[in-house]
Amino acid sequence: MGVSKEQVESALRSKLTPSHIEVIDTSGGCGASFKVEIVSEQFEGKRLLERHRMVNGALAEEMKDIHALSITKAMTPDQWKKLQESETSQPAA
């Protein structure tokens, strides 16, 4: 039995209080594989590896049923803001 996208999102919201979160089920609906993009103030002063460990820790119970978790972004609000600004300031190709 897999995990739902909503379960993953709920666990991350309750433990990391993100200002932005996107969870994508990449398993075709069986709930075994997810991509996560998350922005949280709790990542301030943490290295990328520590941030990934925090995400994995927040999903400890869910990870028992998840086969693959890809954390595509784990950023602070400042990093996220700068990324958004750089993406909107680039001219279309």
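Further up the page is the structure itself.
Residues numbered from 1 in each chain as written. Predicted model: local features only at pLDDT ≥ 70, side-chain atom pairs only at ≥ 80, totals over all residues. Heavy atoms only, no water.

Draft legend 1. Here's a closer look at the nonpolar core. One finds Val-8, Leu-12, Leu-16, Val-23, Ile-38, Phe-43 and Val-55 to be the most contacted residues of the largest nonpolar core, which totals 18 residues. The set of elements that each furnish at least two residues to this core consists of α1 (5-16), β1 (20-25), β2 (33-39), α2 (48-58) and β3 (68-75). Broken down by element, this core gets its largest block of residues, four residues, from α1. (Core = buried A, V, L, I, M, F, W, Y, C linked by side-chain atoms within 4.5 Å. Buried < 20%, exposed > 50% of the residue type's maximum accessible area, 1.4 Å probe, protein only. Helix = DSSP H or I, 4+ residues; strand = E, 2+ residues; numbered from the N terminus.)

Draft legend 2. Quick peek at α1. Spanning twelve residues, α1 covers 16 Å between terminal C-alpha atoms, matching the ideal 16 Å at 1.5 Å per step. Listing the buried residues of α1 in full gives Val-8, Glu-9, Ala-11, Leu-12 and Leu-16. Looking down the long axis of α1, one finds its buried residues gathered within 160° of arc, a one-sided arrangement. For α1, exposure combined with an orientation more than 90 degrees from the buried face picks out Glu-6 and Ser-14. For α1, the elements touching its buried residues are β1, β2 and α2. Positive backbone phi, at 35°, marks Thr-17, one or two positions downstream of α1. (Expected span 1.5 Å × (residues − 1). Arc of directions from axis to C-beta. Contact = heavy atoms within 4.5 Å.)

Draft legend 3. Broad picture of the sheet that holds β3. In spatial order, the strands read β1-β2-β3; together these three strands make up an open sheet with mixed pairing. If you trace the sheet from one side to the other, it starts and ends with β1 and β3, each paired once. Each neighbouring strand pair of the sheet contributes to a mean axis angle of 10°, computed without reference to strand direction. Judged from the six bridges that link them, β1 and β2 form a sheet pairing that is antiparallel. Pairing of His-20 across the sheet is with Val-39, part of β2. (Pairing = 2+ DSSP bridges. Axes fitted to C-alpha atoms, helices over the stretch in contact; angles between N-to-C directions.)

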